[in-house]
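Topology and contacts: notes
Here is what each chain is made of, one letter per residue.
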Amino acid sequence: MKYQTNQSEFTKGSMAQNILRLAIPMTFAQLINLLYSIIDRVYIGHIGQDATLALGGVGLTFPIITIISAFANLFGTGGSPLFSISRGQKENEKALNIMGNCFSMLVLTGLFLTIFCMLLKRPILFLFGASEVTFPYADSYITIYLIGTVFVMITLGMNNFINAQGFGRKGMMTILIGAVLNIILDPIFIFLLHMGVAGAALATILSQAVSALWVTRFLFGRSSLMPITRQSLRIRPYLLKEICSLGLSGFVMSVTNGMVQIACNAMLQSFGGDLYVSVMAVLNSIREVITMPVMGLTNAAQPVLGFNFGAEENGRVKDGIRFVSILCIVYTLSIWLVLLLFPEAFIHIFNSDPRLLEAGKSAMYLYFFGIFMMALQFSGQCVFTALGRAKYAVFFSLFRKAIIVVPLTLLLPHIGGLGVNGVFLAEPVSNFIGGTACFVTMYFTVWKALS
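Heads up: these notes are all about the structure in this document. Nothing here was measured: the structure is a model prediction, and the numbers come from that model.

With that out of the way, let us pick up the side chain of Lys121. Summarising the element assignment, Lys121 is placed in helix 4 (residues 92-127). For Lys121, the residues in contact, after removing those within four places along its chain, are Asp139 and Thr143.

This is the structure we're talking about:
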């Protein structure tokens, strides 16, 4: 079978140009993708008298949504670097089978998660910090959202393979189409049809369905460098093992993010009540927006670094690592300064309740302290994943979240009367310790070996 190759010869041109060529549309696409949830929260945070409680209720569903995203990452971020490495080694048949296997697993896993979460949603939400007041809002949102789980899985997981082929603009369109539709449908369902949080969820899954259709049509069509075939969809255990091994890093990172959200909501409910659960919903929303450029850059760098590594262009790999690391640090330093100067402006986007504004402002100063250290974690994880160093990638995903953040979130509120402030302090502490450990390890195990 003959494959196209001219779209993504990443061994030509400067590494910075190759990375930015993918990063700009990918980052824009991922920022647009955030609109699915961010726009929901913006509208929900301004729906009326119960806006703060509704926002907190929807915030309680974040861990479930995060875990769904984790499974999409397992196959999407696990398969796409292997796909790029195989193409760099001219093993096109293997690359095609990797892509087909990822599609099959995303669909099957999506169906399983839908059934599992539907059956256990009530005890899960109360475990995550729901109260009798916020549960109806959380239940209304997640029930409808779960119906579209398969669409979410396909969109998030398979769009990686569009980008890995060098079609950054096509990948951006995947997200743009759905996000624009979501922006249009949200006010119609929420306000015009008076559906509230249920309307926000319905707008989201309809938009994701359209995005999933776009991805599927492209990857199975002639525009793809390697159109998915029926034979490539057959699950091959030996490939699945490789995919899951490498994707375990992204999976663990997302699952541990969910664990952190669960721990935070539970402790905030205990020490501060529903108001501080709503504050955390706002902080999570702000964090997702400001870290997305870093994620877009590092995700774009992975296929470029992987392709050059597969082609044994070690000098170019080092150039790429240097470029990504410096750019991530400069950006996060800049955004930290903006957050320090204008905290209320960010909170106002999601809610205008004076009580939430007051509580949220002081929480922001603690939660985002030293956020530039997080750039080191992202850079190190990017390199480990791109070059197939699965064990390192998995370890540092677990180290920062599961080993540092979760225990600190549960412990600090009880120390010295810190209370809710202890919950917000756990994040910056983890950034300093985890970011340093990850980047230093990458330097000694990868950078020096490339020399």
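This part is about the packing of helix 10 (residues 274-310) against helix 11 (residues 314-341). Following both chains from N to C, one finds helix 10 and helix 11 inclined at 175 degrees, their axes separated by 9 Å at the closest point. Comparing the axis directions of helix 10 and helix 11 gives the class roughly antiparallel. Here the contact of helix 10 with helix 11 is built from residues that sort into 17 nonpolar, five polar and one charged.

Let's shift gears to helix 15 (residues 390-411). Over its 22 residues, helix 15 extends 30 Å from the first C-alpha to the last, a length consistent with the 32 Å expected when each residue adds 1.5 Å. Maximal helix bending in helix 15 amounts to about 35 degrees, located at Phe399.

The interhelical angle for the contact between helix 10 and helix 12 (residues 343-350), taken along N-to-C directions, is 110 degrees, at an axis separation of 10 Å. Here helix 10 is positioned roughly perpendicular relative to helix 12, judged by the angle of their axes. For the pair helix 10 and helix 12, the contacting residues are Val282, Ser285 and Ile286 in the first and Phe346, Ile347 and Phe350 in the second. Class assignment of the residues belonging to the contact of helix 10 with helix 12 gives a composition of five nonpolar, one polar and no charged.

What follows is about the layout of surface pockets. Of the volumes computed, that of the largest pocket is approximately 160 Å³. Lining the largest pocket, in full, are Ile64, Ile67, Ile68, Phe71, Phe112, Leu113, Phe116, Cys117, Ile124 and Phe128. Elements that contribute at least two residues to the lining of the largest pocket include exactly helix 3 (62-88) and helix 4. When residues of the lining of the largest pocket are assigned to their parent elements, the largest contribution, five residues, is made by helix 4. Grouping the amino acids of the lining of the largest pocket by side-chain chemistry returns ten nonpolar, no polar and no charged.

By the definition in use, this model includes zero disulfides. Between Cys244, a free cysteine, and Cys102, which holds the nearest cysteine sulfur, the sulfur-to-sulfur gap is 8.2 Å. For Cys244, a relative accessible area of 24% gives the class partly exposed. Here Cys382 stays unpaired: no disulfide links it, and the sulfur of Cys328, its closest cysteine neighbor, is 7.7 Å away.

The rules behind these values
Residues numbered from 1 in each chain as written. Predicted model: local features only at pLDDT ≥ 70, side-chain atom pairs only at ≥ 80, totals over all residues. Heavy atoms only, no water. Helix = DSSP H or I, 4+ residues; strand = E, 2+ residues; numbered from the N terminus. Contact = heavy atoms within 4.5 Å. Axes fitted to C-alpha atoms, helices over the stretch in contact; angles between N-to-C directions. Parallel < 35°, antiparallel > 145°, perpendicular 65-115°, else oblique. Nonpolar A, V, L, I, M, F, W, Y, C, P; charged D, E, K, R; others polar. Expected span 1.5 Å × (residues − 1). Bend = angle between axes of the 7 residues up to and from the residue. 1 Å grid on protein atoms, 1.4 Å probe; cavity = no way out; pocket = protein on both sides within 12 Å on 5 of 7 lines; lining within 4 Å. Points joined across faces, edges and corners; volume = space filled by probe spheres on them. Disulfide = S-S within 2.5 Å. Buried < 20%, exposed > 50% of the residue type's maximum accessible area, 1.4 Å probe, protein only.

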